Amino acid sequence: MGADRKLRKKIRELIKESTDEKIHGRAFRDEAWLSKLLFSDLMDVVLFYISLQPDLNEIGKIKTNDFYRLLEDVWKKWAADKKNKAFADNFYSAWFAGPGPMDGTAGPAEMYMLYYTGLLHYDYLLVFFRYPEGLPDGWIPYREHIEIMAFPKWRRENNFKELGKIFNLAEMMCEALRAKQNTER
């Protein structure tokens with residue numbers, strides 16, 4: 001548990017050090033925007049937490065489609081816990097696609113994985129995290145996006161106090177990734 005506390009502390013420090021000045025676009029500096037958490041803000045913390053795992057080379061050996069399905073299962077367990085339920089209910093629709101042609105429109109979870117992070121464009125989670133630095137895709141540019149655009153939102157007092165719940169989700173996800181790796185050997 002000591003390593004988990006260190007990771008939590010590191011992310012909290014990065015959040016406290018973040019500023020609004022680097023945020024791209026005036027509308028995103030508006031307090032109404034900065035106060036409102038979106039599904040993507042939660043997932044940004046989860047991905048950041050996963051990226052700091054000392055065994056990332058092992059737990060990252062999962063196909064991104066499998067990661068997406070595992071995340072949905074873990075999310076449902078996390079959201080069902082009475083400590084998280086009221087908070088998680090704000091994001092209940094994240095896993096639902098809307099009506100539309102073909103398979104319909106993507107819900108927030110699918111949008112996050114496919115379009116925001118581009119994660120589903122990679123075969124394996126580890127490839128996303130280890131994509132060569134200096135290229136416009138992969139973890140490095142997305143990490144910079146998180147530090148500039150998401151961390152200032154988490155710095156708001158009402159949002160900051162919810163971080164523990166998101167860290168619990170991130171830890172549950174890491175445990176599920178480890179369990180999956182152990183069952184596939």
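Just above, that's the structure.
Because the structure is predicted, anything quoted here is derived from the model rather than measured.

### A closer look at the pattern of salt bridges
Applying the stated criterion across every chain, the model contains 13 salt bridges. The residue D66 makes a salt bridge to R69 at a minimum N-O spacing of 2.6 Å. One end of the pair is D66 and the other is R69, both in helix 5 (residues 64–80) and three residues apart, which spans about a single turn. Close ionic contact of K76 with E72 constitutes a salt bridge, the shortest N to O distance being 3.5 Å. Taken together, the residues K76 and E72, both in helix 5 and four residues apart, mark about one turn of the helix. Among the residues examined, K76 registers a relative accessible area of 48% and is labelled partly exposed.

### Quick look at the environment of R156
Along the chain, the position of R156 falls in the loop between helix 9 (139–155) and helix 10 (157–160). Classification of R156 by relative accessible area gives buried; the value is 11%. Once you skip the residues sitting within four places of it in the chain, R156 turns out to touch D20, E31, L34 and S35. At 2.6 Å, the side chain of R156 forms a polar contact with the side chain of D20. A distance of 2.9 Å separates a polar atom in the side chain of R156 from a polar atom in the side chain of E31.

Conventions adopted
Residues numbered from 1 in each chain as written. Predicted model: local features only at pLDDT ≥ 70, side-chain atom pairs only at ≥ 80, totals over all residues. Heavy atoms only, no water. Salt bridge = Lys/Arg side-chain N within 4 Å of Asp/Glu carboxyl O. Helix = DSSP H or I, 4+ residues; strand = E, 2+ residues; numbered from the N terminus. Buried < 20%, exposed > 50% of the residue type's maximum accessible area, 1.4 Å probe, protein only. Contact = heavy atoms within 4.5 Å. Polar contact = N/O pair within 3.5 Å; in protein donor to acceptor, adjacent residues only side chain to side chain.

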